[in-house]
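# Tertiary structure, described
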Amino acid sequence: MGELEDAVMTRVWKWNRPVTVREVLEDLQQERSIAYTTVMTVLDNLHQKGWVRREAEGRAYRYEAVSTRAAYAAALMNEAWSQSDNPAAALVAFFGMMSEEQRQALQDAVRIAQGPRTRESESPPSSETADSPPPDRSAPESAGERAGESPDERPDERPGAGRPDGGR
């Protein structure tokens, strides 16, 4: 996305509802001088690229994001990583740039992506005896569960959320 496309999409994602060209225009005009036709063209381009869907309302359209900002970021990372001639080295370099908070978020995301583990897949090869109690192998909690969220409050964990089209 270009800078203006990003500015428009930021509003569409933030408002999280169908928006008109006029609404986006009025908000953008608080920061810069911009014409109605420019915003209309940007939203049309975003529609052509598949980032927004639109529905006719009278003579105008209402535009709505097809997926989340997180899905867009994931698509960018995937595209950049897939273009590397050495994906492992690219990941090592990327991880080296991360803050401690980002590394923790990555670990939480990997746990979520791997899903719950079954007892069979976790059991060591018969080192336990029938007399000893099994060790505690409860799955680690996700970052959202630690923060007190329910799974329904984490929309980006739904199937297809990592795709720009939201799995549609």
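Just above sits the structure.
Let us look at the structure shown here. What you see is a predicted model; the values in this text were computed from it and never measured. In this numbering scheme, every chain counts its residues from 1 along its sequence in written order. Totals for whole chains, interfaces and linings use every residue, but because this is a predicted model, local features are given only for residues with pLDDT of at least 70 and side-chain atom pairs only at 80 or more, for both listing and counting. Computation of side-chain values covers all heavy atoms of the structure but excludes hydrogens and water.

## A few points about the packing of aromatic side chains
Let me state the cut-off plainly: Aromatic pairing here means that ring centres of Phe, Tyr or Trp (its six-membered ring) are within 6.5 Å. Orientation follows from the plane angle: under 30 degrees is stacked, over 60 is edge-to-face, and everything else is tilted. Think of it this way: any DSSP run of H or I at least four residues long counts as a helix, any run of E at least two long counts as a strand, and we number them from the N terminus. Accessibility here uses a 1.4 Å probe with only protein chains present; expressed as a share of the type maximum, an area under 20% marks a residue as buried, one over 50% as exposed, and anything in between as partly exposed.
Throughout the structure, instances matching the rule amount to four aromatic pairs. Between Trp 13 and Tyr 72, the ring centres sit 5.7 Å apart and the planes meet at 35 degrees, which makes this aromatic pair tilted. Taken together, the positions of Trp 13 in helix α1 (residues 3-15) and Tyr 72 in helix α4 (residues 69-82) put the pair 59 residues apart, joining distant regions of the chain. For the pair Trp 13 and Tyr 72, one class covers both residues: buried. Here Trp 51 and Tyr 72 contribute two aromatic rings whose centre-to-centre distance is 5.0 Å and whose plane-to-plane angle is 90 degrees, an arrangement assigned as edge-to-face. Of this pair, Trp 51 sits in the loop between α3 (36-49) and β1 (52-57) while Tyr 72 sits in helix α4; the two residues are 21 residues apart in sequence, bridging distant segments of the chain. A relative accessible area of 10% places Tyr 72 in the buried class. Among the aromatic side chains, those forming a connected cluster through ring pairs are Trp 13, Trp 51 and Tyr 72.

## Digging into the nonpolar core
Our working definition: By nonpolar core we mean a set of buried residues, namely Ala, Val, Leu, Ile, Met, Phe, Trp, Tyr and Cys, connected to one another through side-chain atoms within 4.5 Å. Here, residues are in contact when the closest pair of their heavy atoms is within 4.5 Å.
Formed by 20 residues in total, the largest nonpolar core has its most connected members in Val 8, Met 9, Val 24, Leu 28, Val 39, Leu 43 and Leu 46. Listing elements by their share of this core, those giving two or more residues are α1, α2 (21-28), α3 and β2 (60-65). A per-element tally of this core places α1 first, with five residues. Aside from chain neighbours lying at most four places away, what touches Leu 43 is Val 8, Val 21, Val 24, Val 52 and Tyr 63.

## As for the packing of α2 against α3
Formally: To obtain an axis, a line is fitted to C-alpha atoms, over the contacting stretch when the element is a helix, and the angle between two such axes runs from 0 to 180 degrees between their N-to-C directions. Convention used here: angles under 35 degrees read as roughly parallel, angles over 145 as roughly antiparallel, angles from 65 to 115 as roughly perpendicular, and any remaining angle as oblique. In this scheme the crossing of two helices becomes right-handed for a clockwise turn of the near helix relative to the far one and left-handed for an anticlockwise turn of less than a right angle. Classification convention: Asp, Glu, Lys, Arg as charged; Ala, Val, Leu, Ile, Met, Phe, Trp, Tyr, Cys, Pro as nonpolar; all other residues, Gly among them, as polar.
The N-to-C vectors of α2 and α3 enclose an angle of 120 degrees; their axes lie 9 Å apart at closest approach. Classified by the angle between their axes, α2 and α3 sit oblique to one another. Here the hand of the crossing between α2 and α3 comes out right-handed. In this structure, α2 uses Val 21, Arg 22, Val 24, Leu 25 and Leu 28 to contact α3, whose residues at the interface are Tyr 36, Val 39, Met 40 and Leu 43. Considering only residue class, the contact of α2 with α3 consists of eight nonpolar, no polar and one charged.

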